[in-house]
Amino acid sequence: MLEIATPFVKKAGEAYLLVLQRSSEFETYTPAVNSARELLVKMDPQAVPYEKGQLGIEYHRVDWMGLSL
Amino acid sequence: MKIILGILLVLGVSCSSTNQKVESTATTDETEIQAPAEPLKKRKTKKQKSAVVTPPQEESEPLAEEKREDPYLGVKEAIKNANWQGLEGEAQKILEQNNQNIIALNALGMAHFYQGRPLAAKYFLNKALSINPNSSDVKNNLAYVTKKEGRSRQAIILWRQVATAGGSSSKIAYENLINEFTIAKDYKKVVGAADSLGSQNVTSVATLNSLALAAIVKSEFDEAEKLLNQALEKENNNEALLINMAILQLDFKKNLDQGRRYLDRISFLGVQSNRRDIVTRLEAVAQSLTNQGEVK
């Protein structure tokens, strides 16, 4: 990396991290947050130590009020 | 002469009575001999039938009636068979009897939702909430519909309300919260919700997966493996589970043999195009672990 780019890259990293912190604080998870995470992991994997590409499963339970057999 | 006749009469009477006795014992013996093929329980019930007091029959009759008269039987069957049109009809039948029935309103709302009518679903769920504003079950489903409309934040707020209120529906709310945070990759929140839920009585594959990811964040790798294995027992070809298991083995446990085993399985089953990058990275990790082993 060029020396001239270093402060800008550092600033970008800080901004990505801030995006993740704010999204967690406001519980708002938009596609932009995902992009920020992906870029941060590429830039500094130690910033998100447990992110290795684990996958969640899209599933939510319906409450049948005891009627499901 | 009279005395002799009298003696003969007495003897005759006594003989006939003894004969009767013998006959009567013989008949009871016959019934007992003919009966052995019958099981013991049946014989006991026969005796109970002959008895005046029959409490078991008195108990069983109302139970059978209850089963027949279960007003929600049709609703239950429709839910079991995912027959949403049928569920709509059954719920409406109940509402014709009592239009304030929250359970039927909730079922009707979800029937509309599954038939692609979210606005109608919300109308009936809100109607149920107007009858009982504290109904956590209805709030759970309102959150579900809100989430499916794409308003995740609103759904999270509702699920959190239900989860913190306690009661039977809080478990469902916690499970939904955990899965929502897992999809968003907000692992701190996953851990928080997982600690509140606990892993007992969790049966859904998605929640087991989320709990395993929470355990990874807490560096409890053996617990994570146990939870993923539980989930794989239910769905052994689930790609997300297999990838998470490979990540756990290669990235966190550094167990090359196990990691390779899961990678081979993933390759054999085929990978979705958007997940190919993860598998490629895992193969690189496996290769570097192999190289390290060779150097050692």
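Since the structure is predicted, the reported quantities are computational estimates derived from the model, not experimental observations.

Below, the discussion takes up the interface of chain A and chain B. Counting from both sides, the interface comprises 25 residues of chain A and, opposite them, 60 residues of chain B. Three residues, A:Leu55, A:His60 and A:Arg61, lead the burial of chain A against chain B; their summed loss comes to 19% of the area buried on that side. Here chain A and chain B share 5 salt bridges between them. Measuring nitrogen to oxygen at the nearest pair gives 2.9 Å for the salt bridge that ties B:Glu175 to A:Arg61. Tallied by class, residues from the side of chain A that touches chain B come to 11 nonpolar, 7 polar and 7 charged.

Further remarks concern the pattern of salt bridges. Residue and element names in this part refer to chain B. A complete count under the given rule lists 19 salt bridges over all chains for this structure. A salt bridge links Glu239 to Arg275, with the shortest nitrogen-to-oxygen separation between them at 3.0 Å. Taken as a pair, Glu239 in helix α14 (residues 239-252) and Arg275 in the loop between α15 (256-269) and α16 (276-295) lie far apart in primary sequence, 36 residues in all. Side by side, Glu239 and Arg275 carry an identical accessibility label, which is buried.

Turning to the confidence of the model for chain B, a few remarks are in order. With 76% of its residues at a pLDDT of 70 or more, chain B shows a mean pLDDT of 82. Note on residues 15-59 of chain B: pLDDT under 50 across the span, and 8 contacts to partners over four residues away in sequence or across chains.

Before going further, it helps to examine the packing of aromatic side chains. Evaluation of the coordinates by the stated rule reveals 9 aromatic pairs over all chains. Ring centres 6.3 Å apart and planes at 75 degrees place the aromatic pair A:Tyr29 and B:Phe181 in the edge-to-face group. Within this pair, whereas A:Tyr29 is found in the loop between α1 (6-26) and α2 (31-43), its partner B:Phe181 is found in helix α10 (residues 169-184), the two belonging to separate chains. By relative accessible area, B:Phe181 is classed as buried at 1%. On the numbers, 5.8 Å between centres and 10 degrees between planes, the contact of A:Trp64 with B:Trp84 is stacked. Within this pair, whereas A:Trp64 is found in the segment after α2, its partner B:Trp84 is found in helix α5 (residues 84-97), the two belonging to separate chains.

So, about the nonpolar core. Counting residues in each nonpolar core, the largest one holds 88 residues, and the members touching the most others are A:Trp64, B:Leu87, B:Met110 and B:Ile266. The residues touching A:Trp64, leaving out its near neighbours within four places in the chain, are B:Ile79, B:Trp84, B:Leu87, B:Asn106, B:Ala107, B:Met110 and B:Tyr114.

Right, let's get into a nonpolar patch on the surface. Residue and element names in this part refer to chain A. Together, Leu2, Ile4 and Phe8 make up a nonpolar patch on the protein surface, roughly 400 Å² of accessible area in all. Counting through the fold element by element, Ile4 comes out in the segment before α1. Among the residues examined, Ile4 registers a relative accessible area of 65% and is labelled exposed.

This part takes up unusual backbone geometry. Even without being a glycine, A:Met65 presents a positive backbone phi close to 55 degrees. Structurally, A:Met65 can be placed in the segment after α2. The phi angle at B:Ala82 is positive, at roughly 50 degrees, despite the residue not being glycine. You can see B:Ala82 is positioned in the loop between α4 (73-80) and α5.

On to the layout of surface pockets, then. By volume, the largest pocket amounts to about 910 Å³. Along the walls of the largest pocket sit 30 residues, with A:Glu38, A:Glu51, A:Gly53, B:Lys185 and B:Ile278 positioned nearest its centre. It is α2(A) that contributes the most residues to the lining of the largest pocket, 6 residues altogether. Residue composition of the lining of the largest pocket, grouped by class: 9 nonpolar, 8 polar and 13 charged. No fewer than three residues from each of domain 2 (134-233) and domain 3 (237-296) of chain B sit in the lining of the largest pocket. The calculated volume of the second largest pocket comes to roughly 430 Å³. In terms of lining, the second largest pocket is formed by 18 residues, of which the most central are A:Leu20, A:Val48, B:Asp186, B:Tyr187 and B:Lys188. Where the lining of the second largest pocket is concerned, the elements lending two or more residues are α1 of chain A together with α11 (187-197) of chain B.

Reading the values: the criteria
- Residues numbered from 1 in each chain as written.
- Chains lettered and ligands numbered in written order.
- Predicted model: local features only at pLDDT ≥ 70, side-chain atom pairs only at ≥ 80, totals over all residues.
- Heavy atoms only, no water.
- Contact = heavy atoms within 4.5 Å.
- Buried area = accessible area lost by both parts, 1.4 Å probe.
- Salt bridge = Lys/Arg side-chain N within 4 Å of Asp/Glu carboxyl O.
- Nonpolar A, V, L, I, M, F, W, Y, C, P; charged D, E, K, R; others polar.
- Helix = DSSP H or I, 4+ residues; strand = E, 2+ residues; numbered from the N terminus.
- Buried < 20%, exposed > 50% of the residue type's maximum accessible area, 1.4 Å probe, protein only.
- pLDDT = per-residue confidence, 0-100.
- Phe/Tyr/Trp six-rings, centres within 6.5 Å; stacked < 30°, edge-to-face > 60°.
- Core = buried A, V, L, I, M, F, W, Y, C linked by side-chain atoms within 4.5 Å.
- Patch = residues over 30% accessible without salt bridge, like charges linked within 9 Å, V, L, I, M, F, W, Y side chains within 5 Å.
- Areas by Shrake-Rupley, 256 points an atom, 1.4 Å probe, with all protein chains shown as cover.
- 1 Å grid on protein atoms, 1.4 Å probe; cavity = no way out; pocket = protein on both sides within 12 Å on 5 of 7 lines; lining within 4 Å.
- Points joined across faces, edges and corners; volume = space filled by probe spheres on them.
- Domains from an automatic or database assignment.

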